[in-house]
Amino acid sequence: MTTQLYIDGIFVEPASGRSFPAVDPATESAFASVAAGNATDADRAVNAARHAFDDGRWSQLPVAERTAVLRQIAAGIRANLDEIAALETRDNGKPLPEAIWDIEDAAFCFDYYADLADAAEARGDTAVDVGDDRFDSRIRREPVGVVAAITPWNFPLLMAVWKVAPALAAGCTVVLKPSELCSLSCVELAKIIDAVGVPAGVFNLVTGSGPEAGAPLTEHALVDKVAFTGSVPTGRKVMQAAAAGIRTVSLELGGKSPFIVFADCDIDKAVEWILFGIFWNKGEVCSATSRVLVERRLYPRLLERLKSEAEKIVIGPGDQAGVKLGPIVSKNQYEKVMGFLDRAQHCGAQRLTGGGRPDGMETGYYIAPTIYADVPLDAEIWCEEVFGPVVCINPFDTEDEAISLANNGPFGLAGAVMSDDLERCDRVASRLRAGIIWVNCSQPTFIQAPWGGYKSSGIGRELGEAGFEAYRELKQITRFDHHETWGWYLGTENAQ
């Protein structure tokens, strides 16, 4: 399998003539070649998107026609769901059932934003009472323009669609640059978009590395908005580039999310959600609840149960039945996580289980589910985002202490609280400094609800109505009653 770029409605070879391998993390073997786009390709794609936006072929298309196309894209994803999910499992390593859920959500996302665009069109402009009957003032919402969408490898298609679907629904044109580690499902999206007849230039796909293909997009003068999901260091560079051009930017960055567990909760439910909160998608989740705080009187029992259940998790290739934990996405990410584990040996934490490659699995980027207890609060493993199947657990004595520990850090993407006392849950939820709070659960994500964080976890929101409005500009239109004369300069008495 050899891919191409998709620019101005045509699949084309990259200007460099080069490609890079897609590697199956379960076998460590290449199975496809991905087109290596560069600044020349990024420039072509942005110019195509600019022309397509400025001539109105998409932004001025009747909304009913635009949303009909979005629903065709959703139908195309569903028609190819099994193939795309299998490809994503091979490219990323995640278990196939998880990939299937992701692709189903991607299809729903297009339908959801089609519905929102239809509803927004039906509402029309918003009238504003300015307190003067001679003036009619209204707020109109218009597409922001050309969007550069730069997306990560942990949910390759889904997180691309989180940006592409609302942007297209709003009337924007898009250049998508997926992660070079997992690009193949986004290539399939381009094929579906091409097949349903989206006008040329409205959607463009440039695959390639961040420095060669991503950075030129963030710096391009014809881009109106940059939407980025990824690491904090790269997000900082994206923001700096956007600032130079005074362009809109949205950032969904890292996390080190806390999970507060009170002693009055059911221990089975606590163990289930702790496991799900960190081992889902191999822990390669920006919102993973990787810092668990447990009320001291429950602490010993919960650690024992958690260790026992973590060691039962089936590890293996994502396409094998029953597997709940696949390989880390790449050699580089595997080595990064292993570096955290190697350094953690000297931090004073107690390793309950895991900590390295599972026995008997010499091929593939596998790391066993890993649990550390009694972790020093200044330890790297407690403070920094690992982005792997690694969870740290500490005890607490009071509600105030738990909240203080949870909020202590640079991130604020998500948090969770578990207790049978729902009033306490609401109280804790209101005090946690994060954009997403789960009560008696961890990680459920709904297209209809806003997604984003506080502090270093990002700027702006995706999903829900907020995710749609993120791709629309507000315009004030104020009209003066032409039957009146203002009179400021002409000397009448009407001016006030």
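Our focus in this paragraph is the overall build of the protein chain. For the protein chain, the helix and strand inventory stands at 15 helices and 22 strands. Taken against the 2.2 N^0.38 rule, which gives 23 Å for 496 residues, the C-alpha radius of gyration of the protein chain at 25 Å falls within 12% of a compact globule. If one aligns the C-alpha atoms of the protein chain with their principal axes, the spans along those axes are about 85 × 55 × 40 Å. Looking at the protein chain as a whole, 55% of its 496 residues qualify as buried. For the protein chain, the exposed area adds up to about 20500 Å²; of that, 50% sits on carbon and sulfur atoms.

Here we come to the packing of aromatic side chains. Scanning the model with the defined rule gives 14 aromatic pairs in all. Between Trp438 and Trp451 the ring centres are 6.4 Å apart and the planes differ by 50 degrees, which places this aromatic pair in the tilted class. Of this pair, Trp438 sits in strand 19 (residues 436-439) while Trp451 sits in the loop between strand 19 and strand 20 (454-455), and the two are 13 residues apart along the sequence. Here Trp438 matches Trp451 in class, with each residue buried. Grouping aromatic residues by their ring pairs yields a cluster made of Trp101, Trp273, Phe276 and Trp280. The ring of Phe340 carries Arg343 above its face, with NZ or CZ at 5.2 Å from the centroid. For Arg424, the ring lying beneath its charged end belongs to Phe262, and the centroid distance is 4.0 Å.

Let's shift gears to the sheet that holds strand 18 (residues 414-418). Two strands in a sheet stick together by hydrogen bonds in their backbones, pointing the same way (parallel) or opposite ways (antiparallel). Here seven strands make up an open sheet; going across it, the order is 14-15-16-13-12-18-19 and the pairing mixed. Sheet topology places strand 14 (350-353) and strand 19 at the edges, where each strand pairs with a single neighbour. Recorded for the sheet is a direction-independent mean angle of 20 degrees between the axes of neighbouring strands.

We now examine the environment of Leu293. Structurally, Leu293 is set in strand 13 (residues 291-295). Considering only alpha carbons, one finds Leu293 and Glu401, 108 residues apart in sequence, at a separation of 9.8 Å. Setting aside anything within four residues of it in sequence, one finds Leu293 in contact with Phe259, Ile260, Val261, Trp382, Asn394, Phe396, Ala402, Leu405 and Ala406.

Below, the discussion takes up the pattern of salt bridges. Considering all chains together, one arrives at 30 salt bridges under this definition. Here Asp24 and Arg90 are joined by a salt bridge, their closest N and O atoms 3.7 Å apart. A residue pair is termed long-range when its members are at least 10 positions apart, and Asp24 in strand 3 (residues 19-24) and Arg90 in helix 3 (residues 81-92) qualify at 66 residues. Residue Asp24 is classed as buried on the basis of its relative accessible area, which comes to 10%. Take Arg90: its relative accessible area is 43%, and that puts it in the partly exposed class. Across the pair Lys177 and Glu180 runs a salt bridge, and its minimum N-O distance is 3.3 Å. Shared partners join several salt bridges into a network, and the residues in it are Asp268, Arg305, Glu309 and Lys312.

How each quantity is defined
Each chain has its residues counted from 1, following the order in which its sequence is written. Given that this is a predicted model, residues contribute local features only at a pLDDT of at least 70 and side-chain atom pairs are listed and counted only at 80 or more, while totals for whole chains, interfaces and linings are drawn from all residues. Hydrogens and water molecules were not included; the side-chain quantities draw on all heavy atoms of the structure. Starting at the N terminus, helices and strands are each numbered in turn, a helix being any DSSP run of H or I of at least four residues and a strand any DSSP run of E of at least two. Just to be clear, the radius of gyration here is over C-alpha atoms, and the globule rule we use is 2.2 Å times residues to the power 0.38. A 1.4 Å probe rolled over the protein chains alone gives each residue an accessible area, and that area as a share of the maximum for its type sets the label: buried under 20%, exposed over 50%, partly exposed in between. The Shrake-Rupley method, run with a 1.4 Å probe, gives the accessible areas here. Residue values count only the displayed protein chains as cover. For Phe, Tyr and Trp, rings pair up if their centres lie within 6.5 Å, where Trp contributes its six-membered ring, and each pair is then called stacked (planes under 30 degrees apart), edge-to-face (over 60) or tilted (otherwise). By definition here, charges over rings are those cases where NZ of Lys or CZ of Arg is within 6 Å of the ring centre and within 35 degrees of the ring normal. When DSSP finds two or more bridges between a pair of strands, those strands are recorded as paired. Axis geometry follows a simple rule: fit a line to the C-alpha atoms, using only the stretch in contact for helices, then measure angles between N-to-C directions, giving values from 0 to 180 degrees. Whether two residues touch is decided by their heavy atoms; if any such pair falls within 4.5 Å, the residues are in contact. One speaks of a salt bridge when a side-chain nitrogen belonging to Lys or Arg is within 4 Å of a carboxyl oxygen belonging to Asp or Glu.

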